[in-house]
Amino acid sequence: MRKSTISDFGSSSGLSAAGSWLDLEEIATAELSSEDPQHPFERALRTGTVEGWRAAVPGPQLIRLRFDSPQSVRRIRLQFHEEQVGRTQECALFATSKTSRKELVRQQWMFSPSGSTSEVEDYFFDLKDVTSIELEIDPGRHDKTVFASLSSIQVG
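Read on for a plain summary of the structure. Given the structure is predicted, the values throughout are model-derived calculations rather than measurements.

Calculation rules
- Residues numbered from 1 in each chain as written.
- Predicted model: local features only at pLDDT ≥ 70, side-chain atom pairs only at ≥ 80, totals over all residues.
- Heavy atoms only, no water.
- Patch = residues over 30% accessible without salt bridge, like charges linked within 9 Å, V, L, I, M, F, W, Y side chains within 5 Å.
- Areas by Shrake-Rupley, 256 points an atom, 1.4 Å probe, with all protein chains shown as cover.
- Salt bridge = Lys/Arg side-chain N within 4 Å of Asp/Glu carboxyl O.
- Lys, Arg positive; Asp, Glu negative; His and termini not counted.
- Charge placed at Lys NZ, Arg CZ, Asp CG, Glu CD.
- Helix = DSSP H or I, 4+ residues; strand = E, 2+ residues; numbered from the N terminus.
- Core = buried A, V, L, I, M, F, W, Y, C linked by side-chain atoms within 4.5 Å.
- Buried < 20%, exposed > 50% of the residue type's maximum accessible area, 1.4 Å probe, protein only.
- Phe/Tyr/Trp six-rings, centres within 6.5 Å; stacked < 30°, edge-to-face > 60°.
- Lys NZ or Arg CZ within 6 Å of the ring centre and 35° of its normal.
- Pairing = 2+ DSSP bridges.
- 1 Å grid on protein atoms, 1.4 Å probe; cavity = no way out; pocket = protein on both sides within 12 Å on 5 of 7 lines; lining within 4 Å.
- Points joined across faces, edges and corners; volume = space filled by probe spheres on them.
- Nonpolar A, V, L, I, M, F, W, Y, C, P; charged D, E, K, R; others polar.
- Polar contact = N/O pair within 3.5 Å; in protein donor to acceptor, adjacent residues only side chain to side chain.

Let us look at a negative patch on the surface. Together, Asp23, Glu25, Glu26, Glu35 and Glu42 make up a negatively charged patch on the protein surface. With respect to the element layout, aspartate 23 can be found in the segment before helix H1 (24-27).

See below:
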């Protein structure tokens, strides 16, 4: 049996450790299709809170993070929370580089006040020269009266 030690696993393997998130407030500009003044996007950049961002108008919403300079993106963590309305939400993540826009993932989740009230998605990538990340949220799929919200977003 031949063996060798993998010395860089977990550090340079492309997986961001919890403490290596990008400081989005410093390196990116947020473009929002809508924002409730009582629930500004900055709240979604702070972990440990479920308040986060909320749209000012119902229906599908777009959050775009434009980086000041191209970034390597290895991880995106999204957290959603809904305790009051049963609904099926769909979200899609996109990454844009200098040459193309690529859909990374599309996910549906059913919220139920009596059961499933939180969704956490932790995605791992190996993306280079990313100029923007976009999150499209359709909060109600077939119900356009539902408001989109995002408890937190982290990019590493």
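So, on to the nonpolar core. One broad rule of soluble globular proteins: the nonpolar side chains tend to lie buried together. Core analysis: the largest hydrophobic core is formed by 30 residues, its most contacted members being Trp53, Ile76, Leu78, Leu93, Leu135 and Leu150. Of all elements in the fold, only strand S3 (61-81), strand S4 (87-97), strand S5 (101-111), strand S6 (118-138) and strand S8 (152-155) reach the threshold of two or more residues within this core.

This paragraph deals with the pattern of salt bridges. Under the definition given, this model contains 13 salt bridges. In this structure, glutamate 31 engages arginine 64 in a salt bridge whose closest nitrogen and oxygen atoms are separated by 2.6 Å. Taken together, the residues span a long stretch of sequence, with glutamate 31 in strand S1 (residues 28-32) and arginine 64 in strand S3 at a distance of 33 residues. Assessed through its relative accessible area of 29%, glutamate 31 is described here as partly exposed. The salt bridge involving glutamate 90 is made with arginine 106; its shortest N-O contact spans 2.8 Å. Of this pair, glutamate 90 sits in strand S4 while arginine 106 sits in strand S5, and the two are 16 residues apart along the sequence.

Bringing the packing of aromatic side chains into the picture now. What the rule picks out here adds up to 1 aromatic pair. Residues tyrosine 123 and phenylalanine 125 carry aromatic rings whose centres are separated by 6.3 Å and whose planes lie at 35° to one another, so their mutual orientation is tilted. Like tyrosine 123, the residue phenylalanine 125 is buried in the burial classification. In this structure, arginine 101 is placed above the aromatic ring of phenylalanine 94, and the distance from its NZ or CZ to the ring centre is 3.8 Å.

Here the phi dihedral of aspartate 129 falls at roughly 55°; this positive angle occurs in a residue that is not glycine. Position of aspartate 129 relative to the elements: it lies in strand S6.

Moving on, we get to the pairing of S8. Regular strands place side chains that alternate from one sheet face to the opposite one. Of the two faces of S8, the one holding Ser152 and Gln154 and the one holding Ile153 and Val155 are both buried throughout. Bridge analysis of S3 against S8 gives 4 bridges, and the strand direction is antiparallel. Note that in S8 the partner of leucine 78 across the bridge is isoleucine 153.

A few words now on the layout of surface pockets. Considered as a void within the structure, the largest pocket measures approximately 420 Å³ in volume. If you trace the largest pocket, you find 17 residues lining it, with Arg54, His81, Glu82, Gln84 and Ser149 closest to the centre. Broken down by secondary-structure element, the contributors of at least two residues to the lining of the largest pocket are strand S2 (53-54) and strand S7 (149-150). Its residues assigned to classes, the lining of the largest pocket comprises 6 nonpolar, 6 polar and 5 charged.

Moving on to the environment of arginine 74. Within the secondary structure, arginine 74 is located in strand S3. Classification of arginine 74 by relative accessible area gives partly exposed; the value is 31%. Residues arginine 74 and phenylalanine 124 lie 50 residues apart in sequence; the distance between their C-alpha atoms is 5.6 Å.

Let us look at the environment of glutamate 103. When you line up the elements, glutamate 103 lands in strand S5. Spatially, the C-alpha atom of glutamate 103 lies 7.3 Å from that of alanine 92, the residues being 11 residues apart in sequence. One polar contact links glutamate 103 to arginine 106, side chain to side chain, over a distance of 3.1 Å.

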